[in-house]
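Tertiary structure, described
Given next are the chains, with one letter for each unit.
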Amino acid sequence: DAQTGIAEQERPLRPLRTTGTYAVVRHPLLIGTLAVFWCWHVVSMGRALFALTFTLYALWAVPREERALEACYGDEYRAYMGRVGRWWPRRRRAT
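The model shown is predicted, which means the values in this text are computed figures rather than measured ones.

1. Focus: the packing of helix 2 (residues 45–73) against helix 3 (residues 75–83)
For the pair helix 2 and helix 3, the least separation of the axes is 6 Å and the interaxial angle reads 130 degrees. As judged from the angle between their axes, helix 2 and helix 3 are oblique. Packed against helix 2, whose contacting residues are Glu66, Leu69, Glu70 and Tyr73, the element helix 3 presents Asp75, Glu76, Tyr77, Arg78 and Met81 at the interface. When its residues are assigned to classes, the contact of helix 2 with helix 3 shows four nonpolar, no polar and five charged.

The structure is reproduced here in C-alpha cells:
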C-alpha cells in the first residue's frame, strides 16, 4: 500500500499489545521520551531545540505509524484507537 508502506498480505508477527501502559495511552514510550526531553531543556538552548525538533517529528510520524498499524491489525486496532487516547489518557465512563 502506497500510503502505509505495508503490503496487504502482511499480517502482524505478534498480537497487538493493549495492556499495561498501552491501556492508558497508545504511545507510552514516546510520551515518556518527550517528557524527559522537555524537562531536560532547562539546561541549555540546544537541548530545548532538540526537544522541539523531536516533538515536531513525533507529530509528523505518529499518524503515519498509526495508519500502518491500522492496515496491519485492522478492526482490532481501530477498536483500540476508540478506547485509548493517542497522547493523553481518556476519561473512563462510570459503569
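After that view, the rundown keeps rolling.
2. Points about the packing of helix 1 (residues 28–40) against helix 2
One can describe the packing of helix 1 onto helix 2 by two numbers: an axis separation of 8 Å at closest approach and a directional angle of 155 degrees. Between helix 1 and helix 2, the interaxial angle falls into the category roughly antiparallel. As for the relative orientation of helix 1 and helix 2, their crossing is left-handed in sense. For the pair formed by helix 1 and helix 2, the contact residues are Leu30, Thr33, Leu34, Phe37, Trp38 and Trp40 on the first element and Arg47, Ala48, Phe50, Ala51, Leu52, Phe54, Thr55, Ala58 and Val62 on the second. A per-class count over the contact of helix 1 with helix 2 returns 12 nonpolar, two polar and one charged.

3. Notes on the environment of Arg91
For Arg91, the position within the fold is in the segment after helix 3. Residues Arg91 and Val24, 67 residues apart in the sequence, show an inter-C-alpha distance of 9.8 Å.

4. Some thoughts on helix 1
Along an α-helix, a turn takes 3.6 residues, which lines up residues three or four apart on a common side. A rise of 1.5 Å per residue sets the reference length of helix 1, with its 13 residues, at 18 Å; its end C-alpha atoms lie 18 Å apart and thus fit the reference within 8%. Buried within helix 1 are the following residues: Pro28, Leu30, Leu34 and Phe37. Those residues of helix 1 hidden inside the fold are in contact with helix 2.

Conventions used here
Residues numbered from 1 in each chain as written. Predicted model: local features only at pLDDT ≥ 70, side-chain atom pairs only at ≥ 80, totals over all residues. Heavy atoms only, no water. Axes fitted to C-alpha atoms, helices over the stretch in contact; angles between N-to-C directions. Helix = DSSP H or I, 4+ residues; strand = E, 2+ residues; numbered from the N terminus. Parallel < 35°, antiparallel > 145°, perpendicular 65-115°, else oblique. Contact = heavy atoms within 4.5 Å. Nonpolar A, V, L, I, M, F, W, Y, C, P; charged D, E, K, R; others polar. Left-handed = near helix turned anticlockwise from the far one by under 90°. Expected span 1.5 Å × (residues − 1). Buried < 20%, exposed > 50% of the residue type's maximum accessible area, 1.4 Å probe, protein only.

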